[in-house]
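Architecture and fold: a report
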Number of protein chains: 2
Amino acid sequence: MAVVGGGVIGLACAWRLAQRGASVRVFDPAAGAGASHAAAGMLAPVTEVHHGEEPLLALNLASAQLWPAFAAELVEAAGIDVGYRTGGTLAVALDDDDLRSLDELRGFQESLRLSVTRLTSRECRAREPSLSPRVRGGVLAANDHQVDSRLTVQALLAAVERSGVTLVRESVTALSVTGRAVTAVHTTSGPHPCRSVVVAAGSWSADIDGSPPAVMPPVRPVKGQILRLRFDPAAAPLQGTVRGLAAGRSVYLVPRSHGELVVGATVEEVGFDTTLTAGAVHDLLQAAIDLVPEVAELELVEATARLRPGTPDNAPLLGPTGLDGLVLATGHHRNGVLLAPITAEVIVSVVTAGTVPPVAVGFDPGRFQRCISA
Amino acid sequence: MAVVGGGVIGLACAWRLAQRGASVRVFDPAAGAGASHAAAGMLAPVTEVHHGEEPLLALNLASAQLWPAFAAELVEAAGIDVGYRTGGTLAVALDDDDLRSLDELRGFQESLRLSVTRLTSRECRAREPSLSPRVRGGVLAANDHQVDSRLTVQALLAAVERSGVTLVRESVTALSVTGRAVTAVHTTSGPHPCRSVVVAAGSWSADIDGSPPAVMPPVRPVKGQILRLRFDPAAAPLQGTVRGLAAGRSVYLVPRSHGELVVGATVEEVGFDTTLTAGAVHDLLQAAIDLVPEVAELELVEATARLRPGTPDNAPLLGPTGLDGLVLATGHHRNGVLLAPITAEVIVSVVTAGTVPPVAVGFDPGRFQRCISA
């Protein structure tokens, strides 16, 4: 069996499949170097909820439930701590307009029966003393947590290796198809015969030749730009994840225990362009410093741009396709790290039992095809 | 003869000394990787003039006069273009307070009979169409030019090699002194006997053991933080160097012909700390984008912090010391690239003829010593 793509999704699928006895090869010229390398690792179904994405919310919540056990098992299997941290996420607002947006989102979160608590400015600063006194108020999402995405990839690489998975450091450029079934994947070194292929190649999932147009995943690259700052772990600027709006600019700040502060935003730009622009770096720093002034004193150590795999409804493509043996696990957009555990469970069920679990029925890779032909 | 330090100053001295027949060794573990690596390469005595630094102005102007011939001879000797560009420097002001500061500086420049021309907002944008329409006005300094400081270092490295200079990739940690004369420099590999030592080690010039305290150069490190952005050379955002004030923040933008835009400021922080802070990067980008909005679209490719060698009067230390054979060429602060040609001429005169040229008399390394003992 072949897994195309060695990011957090492909590796989680490979690990779970190998645990079930499958002989798995993962193909990736640079495993873990794509969107997973940039990811902030927020496990945040509540603060990431968007209007019109209620089906995705259910999947996100289900995967968040799986994370504690997934993390524990992964740490055990790999011998690498993955930095799973509970403690909730505090969303804050800098000015009155920001607070109105936050309260509007809170109304939506409450209508979905999500656990959120409105905090005053004073309560926000009691929780996070380094917040700007200008912060007008906030919302605590007690169940939105985080994991260190880079450590998670490291641990998954160790775990798959210990499970007997072979990592092939080559790009899959095409599939061989005989009749209605996939029979091999092709790399620069030649064909690799297989009866099952899990495509978990993120933004590049549609770039594999040889499959009929009807089963091509409708993914598009969505650029994310993210910064990494360094702080003294003995004097952490934040106790937990803070996200917020600062004069209309969104930002999140995710502190790792080892002294890394990840600063990003959900600003979206479409296209295969990984240029890190001066404007994006400026806007991230502006919003971060507005909310947490002492961020200005921290060392900027890294600025990274990567491509997230977007889909028409911002939800992933999970399950079988019109081609026998071809299974998709892609299109995770903003939620790749969060959705890794449940994606792996769904793919194991599809590959080993031929059944799509109820939680994944709404994420059939063919759903847009049907819309177009209807 | 030993030259301690392989930045733009040490290499220029070594080149000129070797041309006069001296046998020269340059000691530097990482030639060109210090302040010269960060430098913007502005050759800008007029727009860099500061109240109370009139003696330095004369030296700066004298060196700017030498640059065209120095650059031409260096290009010829090295076979490497150094990107010497004339065309002047436009200083602009974003708001009314900025314009008042700029006009105040212009009054000072005019009182010194420097060539500056007041431009309206419209005239500024006629010269540089990508300037923000918010820019209130500017001052053109027609004689402030630029050179590519990294290409200059590359060319100097090639030129010194062709002149028979030996580059020793080691740090000088101490001097040997016998009586009142220097007799050797010490590196980790041992002593290197010599009768003349030119110390051009920038911020580290005071870190060489073995010399009497009275001849220790009073240099202190002054951090500079600088960004490099990339543009399409066929669509340059700026025709020439633009510097300015944007809501009180100073910034300069220096476009290279090959598509690099250097963005820095003269903000100063003292200490041996080369941390690049989030706040400094933010402030540079903010000011640059305020003045030239399309900078936001450019790719950020590098952020660098380096240490400039400051002195009590911001002027360099040029000439002999109380120790026979020990000559200083350090403390160039913001003006290392600009002052390289004249520094080399002064040092050649001191080392080969034993005379300090009139232009350098005010920059005697002992001048602060006399103040203290007076």
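Residues numbered from 1 in each chain as written. Chains lettered and ligands numbered in written order. Predicted model: local features only at pLDDT ≥ 70, side-chain atom pairs only at ≥ 80, totals over all residues. Heavy atoms only, no water.

Chain B puts 17 residues into the contact, and the matching count from chain A is 17 residues. Across the interface of chain B and chain A, roughly 1,300 Å² is buried in total on both sides, 69% from carbon and sulfur atoms. For chain B, the biggest contributors to the area lost against chain A are Ala278, His282 and Leu300 of chain B; these three give 36% of the whole. At the boundary of chain B and chain A, one finds zero salt bridges. Along the contact surface separating chain B from chain A lie eight residue pairs in polar contact (both at pLDDT 80 or more). Elements with a contribution of two residues or more to the side of chain B that touches chain A: α7 (278-291) and β18 (299-310) of chain B. (Contact = heavy atoms within 4.5 Å. Buried area = accessible area lost by both parts, 1.4 Å probe. Salt bridge = Lys/Arg side-chain N within 4 Å of Asp/Glu carboxyl O. Polar contact = N/O pair within 3.5 Å; in protein donor to acceptor, adjacent residues only side chain to side chain. Helix = DSSP H or I, 4+ residues; strand = E, 2+ residues; numbered from the N terminus.)

Next up on the list: the sheet that holds strand β9 (residues 174-178) of chain B. Residue and element names in this part refer to chain B. Taken in spatial order, the three strands line up as β9-β10-β11 in an open sheet, and their pairing is antiparallel. Single-partner strands in this sheet number two, and they are β9 and β11 (190-193). The average undirected angle you get between the axes of adjacent strands in this sheet is 35°. (Pairing = 2+ DSSP bridges. Axes fitted to C-alpha atoms, helices over the stretch in contact; angles between N-to-C directions.)

Bringing empty space enclosed by the protein into the picture now. Residue and element names in this part refer to chain A. Under the defined criterion, the tally for this structure stands at four cavities of 30 Å³ or more. The volume enclosed by the largest cavity comes to roughly 60 Å³. Around the largest cavity sit Leu175, Val199, Ser205, Ile208, Ser211, Val215, Met216, Pro217, Leu326 and Leu328, which together line it. Residues of the lining of the largest cavity, tallied by class, amount to eight nonpolar, two polar and no charged. (1 Å grid on protein atoms, 1.4 Å probe; cavity = no way out; pocket = protein on both sides within 12 Å on 5 of 7 lines; lining within 4 Å. Points joined across faces, edges and corners; volume = space filled by probe spheres on them. Nonpolar A, V, L, I, M, F, W, Y, C, P; charged D, E, K, R; others polar.)

Let us look at the domain arrangement of chain A. The figure often quoted for interface size is the accessible area lost as the parts come together. Residue and element names in this part refer to chain A. Split into domains, chain A comes out as domain 1 (2-77 + 149-219 + 312-367) and domain 2 (89-142 + 221-310). Taken over C-alpha atoms, the centre of domain 1 sits 28 Å from the centre of domain 2. In this complex, domain 1 contributes 32 residues to the contact, which on the side of domain 2 involves 31 residues. For the pair domain 1 and domain 2, the summed buried surface comes to about 2,600 Å²; carbon and sulfur atoms form 62% of the total. Here Glu302 ties to Arg150 by a salt bridge, and the two come within 2.6 Å at their closest N and O atoms. Across the contact surface, domain 1 and domain 2 share twelve residue pairs in polar contact (both at pLDDT 80 or more). Elements with a contribution of two residues or more to the side of domain 1 that touches domain 2: α2 (35-38), α3 (54-78) and α6 (149-162). Along the lines of polarity and charge, the residues of the side of domain 1 that touches domain 2 split into 14 nonpolar, 13 polar and five charged. (Domains from an automatic or database assignment.)

Let us now look at the environment of Met1 of chain B. Residues and elements named next belong to chain B. With respect to the helices and strands, the residue Met1 is situated in the segment before β1 (2-4). The class of Met1 is buried, set by a relative accessible area of 19%. Here the alpha-carbon distance between Met1 and His333, two residues 332 residues apart in the chain, equals 25 Å. Apart from residues no more than four positions distant in its own chain, Met1 is found in contact with Leu17, Ala22, Ser23, Val24, Arg25, Cys194, Ser196 and Val351. (Buried < 20%, exposed > 50% of the residue type's maximum accessible area, 1.4 Å probe, protein only.)

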